[in-house]
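As a plain string of letters, each chain reads:
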Amino acid sequence: QVQLVESGGGLVQAGGSLRLSCAASGRTFSSYAMGWFRQAPGKEREFVAAISWSGGSTDYADSVKGRFTISRDNAKNTVYLQMNSLKPEDTAVYYCAASANRGVEVRVYVYWGQGTQVTVSS
């Protein structure tokens, strides 16, 4: 069992930056691949980024590639999402999730956090 708690969301102007954190409980955090997803009002939840259990492999959605960076610190049971050059279309609730295997699909992930709101103003 893994419990996930996101933090770091907020209101930022276009072009600004935010860093999201996701703190995990449980001794097995380092054995899970981690992902970030987002969901805007009226839209499906979509993949943003994923990282392998070791941190050695990452994946990004095309829409955030070059602007967002996912990383993890297994000693702190935490995964991060550094978001730079934010755009209004990045506005959404951001969720972190844990999976036995790194993937880009929602159905791959077993454990989910409650989400944190990111709002980018133009």
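Our subject is the structure listed above.
So, here is what we can say about the structure in this document. (Residues numbered from 1 in each chain as written. Predicted model: local features only at pLDDT ≥ 70, side-chain atom pairs only at ≥ 80, totals over all residues. Heavy atoms only, no water.)

Overview of the sheet that holds strand 1 (residues 4–7)
Backbone hydrogen bonds hold the strands of a sheet together, and the pairing may be parallel or antiparallel. Selection criterion: Only when DSSP finds a minimum of two bridges between them are two strands counted as paired. The secondary structure listing takes helices from DSSP runs of H or I that are at least 4 residues long and strands from runs of E that are at least 2 residues long, numbered from the N terminus. Axes here refer to lines fitted to C-alpha atoms; in helices the fit is confined to the stretch in contact. Angles between the N-to-C directions go from 0 to 180 degrees.
The antiparallel open sheet is built from four strands, whose spatial order is 1-3-8-7. Since the sheet does not close on itself, it has two edges, and those belong to strand 1 and strand 7 (68–73), each with one partner. For this sheet, the mean inter-axis angle between neighbouring strands, taken without regard to orientation, is 15 degrees. As paired elements, strand 7 and strand 8 (residues 78–83) share six bridges and run antiparallel to each other. From the neighbouring strand, Ile 70 faces strand 8, where its bridge partner is Leu 81.

Side note on unusual backbone geometry
You will see that Asn 77, though not glycine, has its phi angle at about 55 degrees, which is positive. Positive phi outside glycine occurs at Ser 85, with the angle close to 50 degrees.

Some words on the state of the cysteines
Selection rule: When two cysteine sulfur atoms lie within 2.5 Å, the pair is treated as a disulfide. The cut-offs for exposure are 20% and 50% of the maximum accessible area for each residue type, with area from a 1.4 Å probe on protein chains only; residues under the lower value are buried, those over the upper are exposed, and the others partly exposed.
According to the stated counting rule, one finds one disulfide in the structure shown. Note on cysteine connectivity: Cys 22 is disulfide-linked to Cys 96, with sulfurs 1.9 Å apart. Disulfide Cys 22 to Cys 96: torsion about the S-S bond roughly 45 degrees, handedness right-handed. Here Cys 22 is found in strand 3 (residues 18–24), whereas its partner Cys 96 is found in strand 9 (residues 92–99), with 74 residues between them in sequence. Comparing Cys 22 with Cys 96, the two get one shared label, buried.

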